[in-house]
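Architecture at a glance
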Amino acid sequence: MSPRRAIAATLAAAAAVATLPWLTSDFALSLALTCVMYAGLTVSWSMFSGVTNYLSLATAAFFGIGAYVTAWGLGTLPYALLVPTGGLVAAAFAALFGAAVLHLRGAYFAVITFGLGELVRHAITYFEKTYAHTVGRVIVDVPGSTAVFLTVLAVSAAAVVTALAVRASRFGLALAGIGSDEARAETLGVGARRTKVAGFALSAFFAGALGAAMAVRWTYIEPNSVFNPFIGFQTVLISMVGGAATIAGPLAASVVFSLLTEFLRLQFPYLFLMLLGALLIALVLYLPGGLASLAPAVRAWLARRAAGDARG
Amino acid sequence: MAETVVAATDVTVRFGGLVAVDHVSLEVARGELLGIIGPNGAGKTTFFHALSGVVRPTSGRLVVAGDDLTGRPAHVFARHGVARTFQTPRVFRDMTAEANVRFGLEFAGRGRPAGRDAFADARSILDFLGIGAAAGVPAGELTPARQRLLEIGMALGARPRVLLLDEVAAGLTEAEVESTAALIRRVRDELGIAVVWIEHAVRVLMRFVERVVVLHQGRKLADGTPGAVAADRDVVEAYLGEAVI
Ligand SMILES: Nc1ncnc2c1ncn2[C@@H]1O[C@H](COP(=O)(O)OP(=O)(O)OP(=O)(O)O)[C@@H](O)[C@H]1O
Ligand SMILES: [Mg+2]
């Protein structure tokens, strides 16, 4: 699909999903919200980490920073303004941090980005205790669930559109070159450092904006809940299960995974994490390219069926 | 005098206690076809690393087209017109051959003139190299010999002033070495870019280049026309032996 058509399809799909608040129950809507949030988180994560192989575990940090922008700003600034602000603060933070650590690769980069989440969490806990004399913040005067859903949907749709545009751009080619052979890309004129910092910050923008948008879902915000490392791991896992080198893979996996998690949690409240773990191991072992690697087989099957239909 | 595209002055590269390149100076003129020879471990590849900014020299100066680039990163060298291949081909394996060439065109080569229509875009560069039929094939699936050609294409996409070729003819049959040499000469003749070519196939190299530099244990042992270098007693003793004469 050409980038233009893919973007048009994304917008059409987002418009269709936007009708959900008027069609479904509260329960289904909150489930859909989780799906849409992970779609945005995983697609923006893959945009940088999936393409460059710089495996970042900092999603929780950016998400948490965005959430705290809302926690601190709600009541002063309108919600619609806090969401992009949360994104910008997270992006600025990612740019500074990225400039310092993006020369590290592999496990070193993963570990240090994980450390970043912990660092920010403790820094905010300390700051709140010392200067605000509080552990958490009660959020009042929150927007309704429809407004939250539509906002999260808008951010996630923007993430997908951005990922599509980046992939088709010169910037995307530079990121792909860095993922394939960074030193070689340098010898062909790519300023790898600046490109990586820009990609990392762009990816962080969406995690931050989603954190800012989701914050109002909690009535009580404290560092331990919004800097939840689980969000970071879940983002990486879903992206990999979907196929982190693609856009459609993480998107599809977000929906499947969020629904599956919910189903398992309700059906097997005690066993669900174990089942989830087993499923992940099986996927990683037998489908290392992620769900996206099934696409050619599915296409071939559809083509065969279409041919069969035409004959019959 | 012809314009100098690259000037290395007293370049030294150390790896811990090992001096891989030892006070080497070299000026490459515009449109020159220069060969570098020397035994294994002489420091030829390391010298290329220094010339292309991949390795920062321990001491010495590097001037490209009049700008002092000493200590700058590799992409700055590339944007100033230094393009290279690697001894072990380093192509973007998952990208098609065409995308590999386009990569150079999009970054280092962006905004620089093509020189000739035969090098106008990725496709014509691949055609020039005789691998146009492989345009849509992922680079990782090409044979090593073709990956070497593709690397020349990636470098040409960068629209260089000087092209550094590190053993692009290694592992080829004699006939293939000949045709690669002819190709390299055409690149120089048609585009007027300087070519510095490292090769162990001394006999062929000597016939195609106008000037030869001999490196030995990191030092420059000789620098002159192929005839003069082949007759140089130090060179014969240290390296060539009976290989040429
Ligand atoms: N990254 C490195 N770290 C340490 N030593 C190195 C490194 N790269 C090269 N060397 C050493 O520097 C010396 C010069 O190596 P170099 O690869 O430049 O030689 P060369 O002339 O290209 O040899 P060949 O003809 O085998 O390709 C060798 O002794 C080599 O072992
Ligand atoms: Mg070498």
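Residues numbered from 1 in each chain as written. Chains lettered and ligands numbered in written order. Predicted model: local features only at pLDDT ≥ 70, side-chain atom pairs only at ≥ 80, totals over all residues. Heavy atoms only, no water.

**Structural notes on the overall build of chain B**
Within chain B one finds 9 helices and 10 strands. Taken over C-alpha atoms, the radius of gyration comes to 17 Å for chain B, in line with the 18 Å a tight globule of 245 residues would show. If you line up chain B on its principal axes, its C-alpha atoms span 50 × 40 × 40 Å. In chain B, buried positions account for 55% of the 245 residues. When contacts within chain B are restricted to residue pairs at least 6 apart in sequence, long-range pairs at least 24 apart make up 67% of them. Accessible surface for chain B amounts to roughly 10,300 Å². Of this, 49% is attributable to carbon and sulfur atoms. (Helix = DSSP H or I, 4+ residues; strand = E, 2+ residues; numbered from the N terminus. Rg over C-alpha atoms; globule rule 2.2 N^0.38 Å. Buried < 20%, exposed > 50% of the residue type's maximum accessible area, 1.4 Å probe, protein only. Contact = heavy atoms within 4.5 Å. Areas by Shrake-Rupley, 256 points an atom, 1.4 Å probe, with all protein chains shown as cover.)

**A closer look at the sheet that holds strand β4 (residues 59-64) of chain B**
Residue and element names in this part refer to chain B. In space, the 4 strands of this open sheet follow the order β2-β1-β4-β5, with antiparallel pairing throughout. Among the strands making up the open sheet, the edge pair consists of β2 (18-29) and β5 (67-68). Direction of pairing for β4 relative to β5: antiparallel, over a ladder of 2 bridges. Counterpart to Val 64 in the pairing with β5 is Asp 67. Sitting on the sheet, helix α1 (residues 44-51) is in contact with β1 (4-15), β2 and β4, with an inclination near 120° to β1. (Pairing = 2+ DSSP bridges. Axes fitted to C-alpha atoms, helices over the stretch in contact; angles between N-to-C directions.)

**Topic: the pairing of strand β8 (residues 194-198) of chain B**
Residues in a regular strand project their side chains so that they alternate between the two faces of the sheet. All names here are of chain B. In terms of burial, β8 is largely enclosed, as 5 of its 5 residues are buried. Burial along β8 is two-sided: the face carrying Ala 194, Val 196 and Ile 198 and the face carrying Val 195 and Trp 197 are both buried. For strand β3 (residues 33-37) and β8, the ladder comprises 4 bridges, and the chain directions are parallel. Counterpart to Gly 35 in the pairing with β8 is Trp 197.

**Considering the site of ligand 1**
Residues and elements named next belong to chain B. Around ligand 1 sit 14 residues in total, of which Asn 40, Lys 44, Thr 45, Thr 46 and His 200 are the nearest. Contact between ligand 1 and Thr 46: an oxygen atom at 2.5 Å from a side-chain N or O atom of the residue. His 200 has a polar side-chain atom sitting 2.8 Å from an oxygen atom of ligand 1. When the free accessible area of ligand 1 is taken as 630 Å², the share hidden by the protein chains comes to 61%. Put simply, the parts of the chain that give the shell around ligand 1 at least two residues each are β2 and α1. Ranked by residue count, the leading element in the shell around ligand 1 is α1, at 3 residues. When its residues are assigned to classes, the shell around ligand 1 shows 5 nonpolar, 7 polar and 2 charged. (Near = heavy atom within 4 Å. Polar contact = N/O pair within 3.5 Å; in protein donor to acceptor, adjacent residues only side chain to side chain. Nonpolar A, V, L, I, M, F, W, Y, C, P; charged D, E, K, R; others polar.)

**Comments concerning the domain arrangement of chain B**
All names here are of chain B. Each domain of chain B was delimited in the assignment, giving domain 1 (1-81 + 176-245) and domain 2 (83-159). Between domain 1 and domain 2, the buried area comes to about 1,300 Å², and carbon and sulfur atoms account for 66% of it. Of all residues in domain 1, the largest losses of buried area upon contact with domain 2 belong to Leu 183, Glu 190 and Leu 191, amounting jointly to 36% of the total for that side. Connecting domain 1 to domain 2 are 0 salt bridges. Linking domain 1 with domain 2 are 3 residue pairs in polar contact (both at pLDDT 80 or more). Listing elements by their share of the side of domain 1 that touches domain 2, those giving two or more residues are α1, α2 (74-79) and α6 (174-191). Among the elements that make up the side of domain 1 that touches domain 2, the one with the highest residue count is α6 (5 residues). Grouping the constituent residues of the side of domain 1 that touches domain 2 by class yields 7 nonpolar, 5 polar and 3 charged. (Domains from an automatic or database assignment. Buried area = accessible area lost by both parts, 1.4 Å probe. Salt bridge = Lys/Arg side-chain N within 4 Å of Asp/Glu carboxyl O.)

**Points about the packing of aromatic side chains**
All names here are of chain A. Considering all chains together, one arrives at 15 aromatic pairs over all chains under this definition. With a centroid separation of 6.4 Å and an interplanar angle of 90°, the aromatic rings of Phe 63 and Trp 218 are classed as edge-to-face. Placement of the pair is Phe 63 in helix α4 (residues 59-73) and Trp 218 in the loop between α9 (192-214) and β2 (220-221), with a sequence separation of 155 residues. With a relative accessible area of 0%, Phe 63 lands in the buried category. With a centroid separation of 5.3 Å and 45° between ring planes, the pair formed by Phe 127 and Tyr 131 is classed as tilted. Taken together, the positions of Phe 127 and Tyr 131, both in helix α6 (residues 106-132) and 4 residues apart, correspond to about one turn of that helix. Classification of Phe 127 as partly exposed rests on a relative accessible area of 40%. In this structure an aromatic cluster arises from ring pairing among Phe 48, Tyr 54, Phe 62, Phe 97, Phe 109 and Phe 200. (Phe/Tyr/Trp six-rings, centres within 6.5 Å; stacked < 30°, edge-to-face > 60°.)

**Observations concerning unusual backbone geometry**
Non-glycine residue A:His133 carries a positive phi angle of around 50°. Positionally, A:His133 belongs in the loop between α6 and β1 (137-138). For A:His133, a relative accessible area of 67% corresponds to the exposed category. Non-glycine residue B:Arg159 carries a positive phi angle of around 50°. Relative to the helices and strands, B:Arg159 resides in the loop between α5 (144-157) and β7 (162-166). You can call B:Arg159 buried: its relative accessible area is 10%.

**A few points about the coordination of the magnesium ion (ligand 2)**
For the magnesium ion (ligand 2), every protein donor is listed as B:Thr45 (OG1) and B:Gln87 (OE1), and the spread of their distances is 1.9 to 2.1 Å. Taken together, the residues span a long stretch of sequence, with B:Thr45 in helix α1 and B:Gln87 in the loop between β6 (82-84) and α3 (97-106) at a distance of 42 residues. (Donors = N, O, S within 2.8 Å, 3.2 Å for Na, K, Ca; no water.)

**Focus: α5(B)**
Helix length check: α5(B) (14 residues) gives 20 Å between terminal C-alpha atoms against 20 Å at 1.5 Å per residue, within 8%. Most of α5(B) is tucked away: 11 of the 14 residues are buried. Regarding α5(B), the residues found buried are B:Gln147, B:Arg148, B:Leu149, B:Leu150, B:Glu151, B:Ile152, B:Gly153, B:Met154, B:Ala155, B:Leu156 and B:Gly157. Packing partners of the buried residues in α5(B) comprise α8 (170-187) of chain A together with β6, α3, α4 (122-129), β7 and α6 of chain B. (Expected span 1.5 Å × (residues − 1).)

**A few points about the interface of chain B and chain A**
Chain B puts 23 residues into the contact, and the matching count from chain A is 16 residues. Here chain B and chain A share an interface that buries about 1,700 Å² over both sides, 64% of which is from carbon and sulfur atoms. The tally of links from chain B across to chain A stands at 3 salt bridges. Between A:Asp181 and B:Arg90 there is a salt bridge; the shortest N-O distance is 2.8 Å. Here chain B and chain A share 8 residue pairs in polar contact (both at pLDDT 80 or more) between them. Of the residues forming the side of chain B that touches chain A, the biggest block, 4 residues, is contributed by α2(B). Considered class by class, the residues forming the side of chain B that touches chain A number 13 nonpolar, 3 polar and 7 charged.

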